[in-house]
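What follows is the residue order along each chain.
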Amino acid sequence: MNTKSNNSPHWSLLTKAFVGTVVLLVVVGLLSRFQDVIPILITALILAFLIVPLVRLLHQRARFSWGLAANICFLLVLFIIIGLSIWTGIAVVGQLQALFQVIQTMLMDLPAELAEITMKTYVFGPWEVDLSQLDLPTVAENLLASIQPIFGQVSTLIASLATIAIESIASIVFTFA
């Protein structure tokens, strides 16, 4: 005779909802607590998944030990990441410098451009607009005087971006090293 004895009582709908809510709150709490670590772990898992075939190839074909093959692959990935980061950083700094120079040139030419605009009379259908009564070059010079402190802050912004890039590289290096 095959009788099954079930000594566990059935859970009511309210008990199931309460337990489900508690489990959901615990999972959300853990995810929020470890939100800085989770992307690094996911990146490490993906990287390990992608490197295993190369490690296996070095282990079988080149007859390296598994540890040596894994270390060679991780060093290769590390050099690639550092090289790409340096290359990207140089490109970003170059683009930011070019943007800064273009903006600075445009702003320095602004009073002359506005002076040229104010010398003309513009006709829009039946309306005629004479801008010679406005003192736009003086307004532009005042605007430039108020914008110039921003140029000093741009260098601080570029330095902070470089710091963030270095911290990211260090985080990647220490995660995979």
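Parameters at a glance
- Residues numbered from 1 in each chain as written.
- Predicted model: local features only at pLDDT ≥ 70, side-chain atom pairs only at ≥ 80, totals over all residues.
- Heavy atoms only, no water.
- Helix = DSSP H or I, 4+ residues; strand = E, 2+ residues; numbered from the N terminus.
- Buried < 20%, exposed > 50% of the residue type's maximum accessible area, 1.4 Å probe, protein only.
- Contact = heavy atoms within 4.5 Å.
- Areas by Shrake-Rupley, 256 points an atom, 1.4 Å probe, with all protein chains shown as cover.
- Phe/Tyr/Trp six-rings, centres within 6.5 Å; stacked < 30°, edge-to-face > 60°.
- Lys NZ or Arg CZ within 6 Å of the ring centre and 35° of its normal.
- Patch = residues over 30% accessible without salt bridge, like charges linked within 9 Å, V, L, I, M, F, W, Y side chains within 5 Å.
- Salt bridge = Lys/Arg side-chain N within 4 Å of Asp/Glu carboxyl O.
- Core = buried A, V, L, I, M, F, W, Y, C linked by side-chain atoms within 4.5 Å.

## As for the overall build of the chain
Argument step 1. Check the secondary structure of the chain and you find four helices and two strands.
Argument step 2. Written out in order from the N terminus, the α and β elements of the chain read α-α-α-β-β-α.
Argument step 3. The dimensions of the chain, computed from C-alpha atoms along their principal axes, are 105 × 60 × 35 Å.
Argument step 4. The burial tally for the chain puts 11% of its 177 residues in the buried class.
Argument step 5. Within the chain, residue pairs in contact and separated by at least 24 positions form 45% of the contacts whose partners lie at least 6 positions apart.
Argument step 6. Of the accessible surface of the chain, which amounts to about 14,300 Å², a share of 70% is contributed by carbon and sulfur atoms.

## Things to note about the environment of Met-106
Argument step 1. By the secondary structure assignment, Met-106 is in helix α3 (residues 66-118).
Argument step 2. Between the alpha carbons of Met-106 and Ser-8 there is a distance of 79 Å; along the sequence they are 98 residues apart.

## So, the packing of aromatic side chains
Argument step 1. In this structure the tally under the stated criterion is zero aromatic pairs.
Argument step 2. Directly above the aromatic system of Phe-34 lies the positively charged group of Arg-33, at a separation of 5.7 Å from the ring centroid.

## Remarks on a nonpolar patch on the surface
Argument step 1. A surface patch of nonpolar side chains, amounting to about 1,100 Å² of accessible area, comprises Trp-11, Phe-18, Val-19, Val-22, Val-23, Val-26, Val-27, Leu-30, Leu-31, Phe-34, Val-37 and Leu-41.
Argument step 2. Mapped onto the elements of the fold, Leu-31 is located in helix α1 (residues 13-33).
Argument step 3. Its relative accessible area of 47% is what places Leu-31 among the partly exposed residues.

## Let's talk about the nonpolar core
Nonpolar side chains tend toward joint burial in soluble globular proteins.
Argument step 1. Membership of the largest hydrophobic core is limited to eight residues, which are Leu-47, Ile-51, Val-55, Leu-58, Ala-69, Ala-70, Cys-73 and Val-77.
Argument step 2. Residue assignment for this core shows that the elements contributing at least two residues are α2 (38-61) and α3.

## Some details on unusual backbone geometry
Argument step 1. Notably, Arg-63 is not glycine yet its phi reads approximately 60°, a positive angle.
Argument step 2. Secondary-structure assignment places Arg-63 in the loop between α2 and α3.
Argument step 3. Using a relative accessible area of 71% as the deciding quantity, one classes Arg-63 as exposed.

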